[in-house]
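Each chain, written out:
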Amino acid sequence: MNKLLLIIKREYLAKVRNKSFVIMTFLSPILMVGMVVLIAYLTKVNDSEERVITILNESDYFSSDFLSTEHLSYVNFKDISLESAKDSTASLGYYGLLHIPDNGNLETVAQNAVFYSKDSPSTSILEILEDTFQDRLRLGRIQDLGVSVQDFEAMDKPYEINATTFSGEQNLKGINEIKAIIGGGFGYLIMMFIIIYGGFVMRSVIEEKTSRIIEVIISSVKPFQLMLGKIIGTSLAGITQFAIWIVSGALLLSIVILIFGLEPAALGNGSPMGAEAVGGITPNSANETLQLYANELFQIPWAMLISFFLVYFVLGYLIYSSIYAAIGAAVDNETDTQQFIFPIILPLMLGIYVGFFSVFNNPHGPIAVAFSLFPLTSPIVMLMRLPGGLGEGGVPVWQLITSIALLIVTFVGIVWLAAKIYRVGILMYGKKPSYKELFKWLKY
């Protein structure tokens, strides 16, 4: 036990005292916050560009349908030819020209309207123009059927069905997706931690193996103790670095927001959740609906979610880092690891993508349940399901217990197999092993 603690201490101190580790620990939050601020600034600059469209309307329609907005305005031409309108638009540097000819009825006018521009126009601009035409055409067709404007507005009002639980609590559309994204964020952290710090374990083993230090070390400790010490020591160093990143990143982001007066919405691509984002509700009820979403998020069992995040974080990392250590022991340089890395990363990627597709649509479906029980994907998929709670309406307790039990059994089995490869591989030099040879090492 004392030897294991010494190995853990040695690995931990070797990592945290490394110059590159120290530099990246304090430089990474600055770079990340800087990137977020830069994206917010560029988004703000891009959104602040005002585009001007000229309109040559020769018909009796659409005289008041095109309304200017904050970033899009219209200039009307009167009593000039189409060629003159084109030349004027180009010389003034305007975005484009919308020509609406006089072709009789509304349908014919709309079909023959043309938008001219110097380059290929933005899809968003075309959609705005098309929506304006579509709304006017729909209104004209309804009026031709003898329906009044008021009746048309009542007909065109979006509908949202009322949804409640059997106990009478209101269900909100999209809340399962939001909860899955929250859980997916935790799962993504686990995946990134495994990829980054699992690679640290592998490189540490390769370094000691190629420098022949390993031959001296294993004369005093068992290979299994050495492997476990490396895994735990490196994970503690990684947790230390992650903790510093989270605390310093949050502080830096808060300071930047206060100094530069950036809006939180600008840091999230400039598109805060509005009335349209919550099922087509009207602006009058938007605040009330957003409050319901906020209440639903507050009701997520955060303490339980964070607790099981730590459980899956530790077990998932121990499983994968054991495999990384075995790979490091089996090869002589990092280039030779490429044939083994992809099969390791594949279950993690599968967990992320399949988890999102399955949990979004049906968090209790057979695919979601199967992947939340399978040990190599459960640290990600189960965390996507847990924001829905445990027990009735959430993840059944037996599934959670089974998932953790399978993780523990898998961890013991993989560590046992990895230790066999590690025991033979750390003393093998000069040969690139194949999968067949690795299988033979498991029999020794």
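Above: the structure in question.
Let me begin by describing the structure that accompanies this report.

Conventions and cut-offs
- Residues numbered from 1 in each chain as written.
- Predicted model: local features only at pLDDT ≥ 70, side-chain atom pairs only at ≥ 80, totals over all residues.
- Heavy atoms only, no water.
- Helix = DSSP H or I, 4+ residues; strand = E, 2+ residues; numbered from the N terminus.
- Buried < 20%, exposed > 50% of the residue type's maximum accessible area, 1.4 Å probe, protein only.
- Contact = heavy atoms within 4.5 Å.
- Areas by Shrake-Rupley, 256 points an atom, 1.4 Å probe, with all protein chains shown as cover.
- Salt bridge = Lys/Arg side-chain N within 4 Å of Asp/Glu carboxyl O.
- Phe/Tyr/Trp six-rings, centres within 6.5 Å; stacked < 30°, edge-to-face > 60°.
- Expected span 1.5 Å × (residues − 1).

In this section: the overall build of the chain. When its secondary structure is counted, the chain shows 16 helices and 4 strands. Expressed as a percentage of the 444 residues in the chain, the buried residues total 41%. Here the analysis covers contacts within the chain between residues at least 6 apart in sequence; of these, 71% occur between residues at least 24 apart. Summed over its atoms, the accessible surface of the chain is roughly 25100 Å², and 63% of this surface lies on carbon and sulfur atoms.

This part covers the pattern of salt bridges. Applying the stated criterion to the full structure yields 7 salt bridges. Notably, a salt bridge pairs Lys230 with Glu11, separated by 2.8 Å at the nearest N-O pair. With a gap of 219 residues between them, Lys230 in helix α9 (residues 223-260) and Glu11 in helix α1 (residues 2-16) connect regions that are remote in the sequence. Classification of Glu11 by relative accessible area gives buried; the value is 2%. A salt bridge links Asp65 to Arg136; its shortest N-O distance comes to 3.9 Å. With Asp65 in the loop between β1 (51-57) and β2 (72-77) and Arg136 in helix α5 (residues 123-144), the pair connects residues that are 71 residues apart, well separated along the chain. Each of the salt bridges in this network shares a partner with another, and the network as a whole consists of Arg10, Glu11, Lys15 and Lys230.

We now examine unusual backbone geometry. Among all residues except glycine, the phi angle is most often negative; among peptide bonds, the trans geometry is most common. Unlike most non-glycine residues, Phe62 shows phi in positive territory, near 60 degrees. By secondary structure assignment, the location of Phe62 is in the loop between β1 and β2. On the basis of relative accessibility, which here comes to 4%, the residue Phe62 falls in the buried class. Phi is positive for Asp79, which is not a glycine, with a value near 55 degrees. Tracing the chain through its elements places Asp79 in the loop between β2 and α3 (82-91).

Tallied over the full model, the rule gives 11 aromatic pairs. With a centroid separation of 6.3 Å and 45 degrees between ring planes, the pair formed by Phe62 and Phe66 is classed as tilted. Pair check on accessibility: Phe62 and Phe66 agree, each one buried. What links up through ring pairs into an aromatic cluster is the set Phe186, Phe193, Tyr197, Phe200, Phe309, Phe313 and Tyr317.

Attention now goes to helix α11 (residues 302-330). End to end, α11 covers 41 Å across 29 residues, agreeing with the expected 42 Å (1.5 Å per residue, within 8%). With 21 of its 29 residues buried, α11 lies for the most part within the structure.

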